[in-house]
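The lines below spell out each chain.
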Amino acid sequence: MKRSMVYLVGAGPGDPGLITVKGLECIKKADIIIYDYLVNVNLLKNARPDVEFIYVGKQGGAHTLEQEEINELIVKKALEDKIVTRLKGGDPYVFGRGGEEALVLRENRIPFEVVPGITAAIATPNYAGIPVTHRDCTSTFGLITGHEDPTKDESSIDWSKISTGIGTLAFYMGIKNLPYITEQLMKHGRSKDTPVAVIRWGTTSQQKTVVGTLCTIVQKAKDIKPPAITIVGEVVKLRDQLNWFETKPLFGKTIVVTRSREQASEFADKLYEYGAHVIEFPTIEIAKPDSIQPLDEAIKNIQTFNWLVFTSINGVDAFFQRLFELGKDIRELKGIKVCAIGPATEEGIKKYYIKVDCRPPKFVAESVVEELKKVTAIKGEKFLLPRADIARSFLPEELQKLGGKVTDLVAYKTVMAQPRDINLVDKIKNGEIHIVTFTSSSTVRNFLQIVGEKNTSAFNGHVQFASIGPITTQTAEEMGLRVDIKAKEYTIPGLVDAILESAAPK
Ligand code: SAH
């Protein structure tokens, strides 16, 4: 059956949450995704694992492929009997050349659908606190290309009509021509005091807004580079009251998350919600232990244990995965009590429909022993601790001292991740990164190993380090880092709170 299909999809203006439900479905079902410079690459995470990605970004003058070549590529891929999702920034039909691509598909009799997207002229002023229409200011709104060659004899823009005939004007691709645009508007009767906003990378955590008037904006926005949109009109004044996005507590902060890829998203999402620009820089990868035999042995004899004690979510997942791999299920655990070090670990256990019998108020090993003492006699009880290869010895030793019979085994190991962003050190030294977060001692050690330990002292003062708890802090300090932000509650939400507190105006 022929299933050639092309979806021309508007990916929205930048914030990945601003794609349509239908657009997201098209990403999920694509065999091939052909995407542009303005598309937020985080959206691509929603694609199938076997999808083919083709980047055809046009950035200023540097074109990876010319438009004709892009058209040919879409046709060629679709004719291979594939579902092609062509992702474009904003809306495909607003200065996006989507019409040309659709016409080529029509010529080649390839079925297609076009999915609208939220265009930059509507979304980016919104995120800069500017409603594009407002009853008191304007009842008209125009979308204009600012890309026209000013030396062209005949302008296709009738400046005399748009300058005073439309209330709010949005110029796409108009940064290079900003002097020409403002001059034309004033020449054709728009007041020189008309408010203007230039918004770069709108709706993303890197958004930058500059505000002025028709006669001052060229000077004020001289350092702004594309992609940026220019909004002209009285509505710009509302920004003083409606600037909800740039006033988020972590807006303008770039924060590095060093956790393993599997665990990063919960933390990264929270920071992002508060407006931070998050760089995921995983320092840890989770792997199977060198020998799985001790875990297999423990699972085989699981009914001889009284307590299962988990000190990390990775330990939980490693244990249950192996239980299932061995053809068993949670019925094997009947009657065995379960202890979790903290709320995240508890959530991880609940995922397997198991209730936690003991969870200490403080999320460190010391507190686990204290809490266990309250709910059980330690002496003579058998404890199974499925943990990491590098877990601290405190907990098993302490339980043993109190007469417990402890099986402490390696359920998973942590290995150092391969560095992804090799420029991170330069970025830190240039002040482009504000906070580096550590969520365990191994994130500290691996981070320093990846970036090169000789850089340690150079970091202090350039960047703030944030730590999830006292053990992590101690490791960082021993390795020469100054920890400025310390979580009061030793959890991810606790760390987020500490970061928020440090960023709050003093
Ligand atoms: N189809 C797109 C526009 C493509 S033309 C849309 O509907 O939004 C490219 C221009 O769009 C850029 O030069 C810039 O003027 C504007 N633009 C797109 N995304 C933007 C963003 N996130 N912030 C500011 N301007 C943006």
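Quick caveat, the model's predicted, so the values are computed rather than measured.

J.: Please provide a residue-by-residue account of the sheet that holds strand E12 (residues 228-232), values included.
T.: With mixed pairing, the five strands of this open sheet are ordered in space as E8-E9-E12-E10-E11. Two strands bound the open sheet, and with one partner strand each, they are strand E8 (141-145) and strand E11 (208-213). Sheet twist, expressed as the mean angle between neighbouring strand axes with direction ignored, is 20°. Of the strand pairs in this sheet, strand E10 (residues 195-200) and E11 are connected by six bridges, and their pairing is antiparallel. By the bridge assignment for E11, valine 198 is matched with valine 210. Sheet strands touched by helix H4 (residues 120-127): E8, strand E9 (168-172), E10 and E12. Its angle to E12, the strand with the most contacts, is close to 80°.

J.: Any details on the site of the ligand? Residues and values, ideally.
T.: The environment of the ligand is formed by 18 residues, the closest being Val94, Thr119, Met173, Gly202 and Ala228. Between the ligand and the protein, one listed contact pairs a nitrogen atom with a backbone N or O atom of valine 94 at 2.7 Å. Interatomic distance of 2.8 Å between a backbone N/O atom of glycine 202 and a nitrogen atom of the ligand. Burial of the ligand by the protein amounts to 92% of the accessible area it has alone, namely 540 Å². Counting residues per element, the ones that place at least two in the shell around the ligand are H4 and E12. Its residues assigned to classes, the shell around the ligand comprises twelve nonpolar, five polar and one charged. Here the shell around the ligand gathers at least three residues from each of two domains, domain 1 (5-117) and domain 2 (122-242).

J.: Tell me about the domain arrangement of the protein, and please be specific about residues and values.
T.: Structurally, the protein comprises domain 1 (5-117), domain 2 (122-242), domain 3 (254-283 + 418-503) and domain 4 (287-415). Each of domain 2 and domain 4 has a C-alpha centre, and the two are 61 Å apart.

J.: With reference to specific residues and values, describe helix H18 (residues 470-478).
T.: All of the buried residues along H18 are Thr472, Thr473, Thr475 and Ala476. When H18 is viewed along its axis, its buried side chains cluster within an angular range of 160° and face the same direction. Taken together, the buried residues of H18 touch strand E20 (435-438), helix H16 (441-451), strand E21 (464-467) and strand E22 (483-486).

J.: Run through the sheet that holds strand E2 (residues 32-35), naming residues and quoting values.
T.: Ordered by their spatial adjacency, five strands build an open sheet running E3-E2-E6-E1-E7, and the pairing between neighbours is parallel. At either end of the open sheet lies a strand with only one pairing partner, and these are strand E3 (52-55) and strand E7 (112-115). Within the sheet, the average angular offset between the axes of one strand and its neighbour, ignoring direction, is 15°. Pairing analysis gives four bridges linking E2 to E3, with the strands arranged parallel. Looking across to E3, one finds that isoleucine 34 is bridged to isoleucine 54.

J.: I'd like a rundown of the packing of aromatic side chains, residues and numbers included.
T.: Tallying each qualifying case throughout the model produces 21 aromatic pairs. Among the aromatic residues, those joined into a ring-pair cluster are Phe281, Phe438, Phe447, Phe459 and Phe465. The ring of phenylalanine 305 is capped by lysine 382, whose NZ or CZ atom sits 5.0 Å from the centre of that ring.

J.: Any details on a negative patch on the surface? Residues and values, ideally.
T.: A cluster of like negative charges, contributed by Glu66, Glu68, Glu69 and Glu72, occupies part of the molecular surface. In this fold, glutamate 68 is placed in helix H2 (residues 67-79).

Cut-offs and rules
Residues numbered from 1 in each chain as written. Predicted model: local features only at pLDDT ≥ 70, side-chain atom pairs only at ≥ 80, totals over all residues. Heavy atoms only, no water. Pairing = 2+ DSSP bridges. Helix = DSSP H or I, 4+ residues; strand = E, 2+ residues; numbered from the N terminus. Axes fitted to C-alpha atoms, helices over the stretch in contact; angles between N-to-C directions. Contact = heavy atoms within 4.5 Å. Near = heavy atom within 4 Å. Polar contact = N/O pair within 3.5 Å; in protein donor to acceptor, adjacent residues only side chain to side chain. Areas by Shrake-Rupley, 256 points an atom, 1.4 Å probe, with all protein chains shown as cover. Nonpolar A, V, L, I, M, F, W, Y, C, P; charged D, E, K, R; others polar. Domains from an automatic or database assignment. Buried < 20%, exposed > 50% of the residue type's maximum accessible area, 1.4 Å probe, protein only. Arc of directions from axis to C-beta. Phe/Tyr/Trp six-rings, centres within 6.5 Å; stacked < 30°, edge-to-face > 60°. Lys NZ or Arg CZ within 6 Å of the ring centre and 35° of its normal. Patch = residues over 30% accessible without salt bridge, like charges linked within 9 Å, V, L, I, M, F, W, Y side chains within 5 Å. Salt bridge = Lys/Arg side-chain N within 4 Å of Asp/Glu carboxyl O. Lys, Arg positive; Asp, Glu negative; His and termini not counted. Charge placed at Lys NZ, Arg CZ, Asp CG, Glu CD.

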